[in-house]
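Observations on chain architecture
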Amino acid sequence: MKMSQKEVKEDKKTPHNTQLYADVPSTCWPIVYSPEYNITFLGLEKLHPFDAGKWGKVINFLKEEKLVTDDTIVEAREATEEDLLVVHTRRYLNKLKWSFVVAHITEIPPVLILPNFLVQRKVLRPLRTQTGGTIMAGKLAIERGWAINIGGGFHHCSSDKGGGFCAYADITLAVKFLFERVEGVAKATVVDLDAHQGNGHERDFMDDNKVYIMDVYNRYIYPGDGFAKRAIRQKVELDWGTEDREYLNKVEKFLECSLNEVPPDIIIYNAGTDILDGDPLGGLAISPQGIISRDEIVFKAARTRKIPILMVTSGGYQRRTAKIIADSILNLHSHGLIDKQFVGHEAGTTLSL
């Protein structure tokens, strides 16, 4: 028996109330950050190669260059359990109440012996706040034409499994929130340029033709997820020690192909800096200027096509990556690829709060 239009409408799930889509003053840059991003607790964060304070360092560099102030940054809010359940299973979120599970995901073994209330407060709350920041930046990107979350990019986490320092699937969440709440956003392209394969969002969007994934990564390193690779529409596998010229040529060529093949309503750009030469986990040999040029290529492609772009910073395991991220943002500004003025989505959009 066919359902009436009214019944179909009523059957469609109404999005929950969330603080993550609250309005942002026009005086703010669409740059999202919170001091809560940074993980510091008894030096345990130093047991992982990841610089768990890099996000604050990026903001400090941008302040030193007078691009932003505390009043012009969008303050990230922590994603609530209800927000997380848009993608995550309740079973997975319950698993995070066990410290040994979080120790495995974050690759910090001593977390295993900490009481979980401390793990929640000192490890997972910062990651939930970064996740909230990515979701907030999705809405901002549609409204302003671009947005940058100074954190996020947890591309190894899927709806029911974390790993590789990624406990929450912020990329999947940002896309799902947009699909549910912003009329006119029906197709998204994930451009994942972290050195590692983004197997989390790939597993989440397997067989989903609304999401196109381009992934450029070192073929020999973690996670080597063969099943997840099936979700990649534009797969670019790199060899050890790939340098600037080859890398930038491939990024530009295959990005062009991807955006021409399926023009999206938004680009989610996972801008990992673990491609930097000397990174202990990335295995590539890209210079600081190569990273800056890469980001410029991606933003220029988005701006030329008038496609809103959301950037997250993802991996980067050297102390100097914070300065490179800040320099790249300043470069985007100097080239007119980002500004505080309203740019907006070419097609009309309606937000559902």
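These figures come from a predicted structure and were not determined experimentally. Every chain begins its residue count from 1, and numbering advances along the sequence as written. The predicted origin of the model limits local features to residues at a pLDDT of at least 70 and limits the giving and counting of side-chain atom pairs to 80 or more, whereas totals for whole chains, interfaces and linings rest on all residues. Processing note: side-chain calculations cover all non-hydrogen atoms of the structure and skip hydrogens and water entirely.

**Thoughts on the overall build of the protein chain**
The helix count covers DSSP runs of H or I at least four residues long, the strand count covers runs of E at least two residues long, and both are numbered beginning at the N terminus. Along the backbone of the protein chain there are 11 helices and 10 strands. On C-alpha atoms alone, the protein chain measures out to a radius of gyration of 19 Å, which is about the 20 Å that the 2.2 N^0.38 rule sets for 353 residues. For the protein chain, the C-alpha atoms occupy an extent of roughly 60 × 50 × 45 Å along the three principal directions. Throughout this description, buried means an accessible area under 20% of the type-specific maximum (1.4 Å probe, protein chains only), exposed means over 50%, and partly exposed covers the range between. Here the protein chain, with 353 residues, has 59% of them falling under the buried criterion. Sequence-distant contacts in the protein chain: of pairs separated by 6 or more residues, those separated by 24 or more amount to 75%. For the protein chain, the accessible surface area stands at approximately 15300 Å², while carbon and sulfur atoms represent 51% of it. Within this scheme the basic residues Lys and Arg register as positive and the acidic residues Asp and Glu register as negative, but His and the chain ends are omitted. Lysine's charge is taken at NZ, arginine's at CZ, aspartate's at CG and glutamate's at CD. Taking the average location of the 44 positive side-chain charges in the protein chain and that of its 47 negative ones, the two points are 3 Å from each other. Radius of gyration here is computed from C-alpha atoms only, and the compact-globule reference equals 2.2 Å multiplied by the residue count raised to the power 0.38. Pairs of residues are marked as contacts when any of their non-hydrogen atoms sit within 4.5 Å. Calculation of accessible area relied on Shrake-Rupley with a 1.4 Å probe; when residues are assessed, cover is drawn exclusively from the protein chains displayed.

**Some words on the packing of helix H5 (residues 99-106) against helix H6 (residues 116-144)**
The geometry of H5 relative to H6 is characterised by a closest axis approach of 10 Å and an angle of 30° between their N-to-C directions. Between H5 and H6, the angle is such that the two are roughly parallel. Where H5 crosses over H6, the two elements pack in a sense that is left-handed. Each of Ser99, Val102 and Thr106 in H5 lies in contact with H6, whose residues at this interface are Asn116, Val119, Val123 and Leu124. Three residue categories are used. Nonpolar comprises Ala, Val, Leu, Ile, Met, Phe, Trp, Tyr, Cys and Pro, charged comprises Asp, Glu, Lys and Arg, and polar comprises the others, including Gly. The residue inventory of the contact of H5 with H6, partitioned by class, reads four nonpolar, three polar and no charged. Geometry is summarised by axes, namely lines fitted to C-alpha atoms with helices restricted to the contacting stretch, and by angles between N-to-C directions that run from 0 to 180 degrees. These descriptions rest on fixed angle ranges, namely under 35 degrees for roughly parallel, over 145 for roughly antiparallel, 65 to 115 for roughly perpendicular, and the rest for oblique. Here a crossing is called left-handed whenever its near helix is offset anticlockwise from the far helix by less than a right angle, and right-handed whenever the offset is clockwise.

**Quick word on the layout of surface pockets**
With a 1 Å grid laid over protein atoms only, a set of points is called a cavity when a 1.4 Å probe fits there but cannot get out and a pocket when it is open yet has protein on both sides within 12 Å along at least five of seven lines; lining residues have an atom within 4 Å of a point. Grid points are joined across faces, edges and corners, and a volume is the space filled by probe spheres set on the points. In this model, the second largest pocket occupies a volume close to 160 Å³. Surrounding the second largest pocket, His156, Ser158, Lys161, Gly162, Gly163, Asn199, Gly200, Arg203, Tyr222, Pro223 and Asp225 form its lining. Residues that form the lining of the second largest pocket fall into these classes: two nonpolar, six polar and three charged.

**Things to note about the confidence of the model for the protein chain**
pLDDT measures the predictor's confidence residue by residue and takes values from 0 up to 100. Per-residue pLDDT for the protein chain averages 92, and the proportion of residues at 70 or more is 90%. Under a pLDDT of 50 for its full length, residues 1-11 has, in the predicted model, two contacts with residues more than four places off or in other chains. Below pLDDT 50 for its whole length, residues 343-353 participates in 35 contacts with residues either more than four positions away or in separate chains.

**Focus on unusual backbone geometry**
At the junction of Tyr222 and Pro223, the peptide bond is cis and its omega measures out at 5° in the coordinates. Even without glycine at this site, Lys66 takes up a positive phi of about 65°. Its place among the elements puts Lys66 in the loop between helix H2 (54-64) and strand E2 (74-75). Even without being glycine, Phe165 reaches a positive phi, approximately 70°. You can see Phe165 is positioned in the loop between strand E3 (146-149) and helix H7 (170-181).

**Some points on the side chain of Thr273**
Looking at where Thr273 falls in the secondary structure, it is placed in the loop between strand E8 (266-270) and helix H10 (288-305). Discounting chain neighbours no more than four positions away, the residues touching Thr273 are Lys54, Asp279, Ile291, Arg294, Thr313, Gly315, Gly316, Thr321 and Ile325.

**Some remarks on empty space enclosed by the protein**
It is the rolling of a water-molecule-sized probe over the atoms that shows where space remains empty. Following the criterion strictly, the structure yields three cavities of 30 Å³ or more and no others. By volume, the largest cavity is sized at about 100 Å³. Together, 15 residues line the largest cavity, and Gly153, Cys166, Ser314, Gly315 and Tyr317 are the ones closest to its centre.

**Focus: the pairing of strand E9 (residues 309-312)**
Neither face of E9 is open: one carries Ile309 and Met311, the other Leu310 and Val312, and all of them are buried. Any two strands are treated as partners once DSSP identifies two or more bridges connecting them. In this sheet, E9 lies alongside E3 in parallel orientation, the contact comprising four bridges. When the sheet's bridge partners are listed, Trp146 is paired in E9 with Ile309. When E8 meets E9, the two strands line up parallel, connected through four bridges. Residue pairing for E9: Ile268 is matched across the bridge by Leu310. Here is how to tell: hold the view so the strands point away, follow the path from the first strand over the helix to the second, and if it runs clockwise the crossover is right-handed. Regarding topology, H10 serves as the crossover connection from E8 to the parallel E9, and that connection is right-handed.

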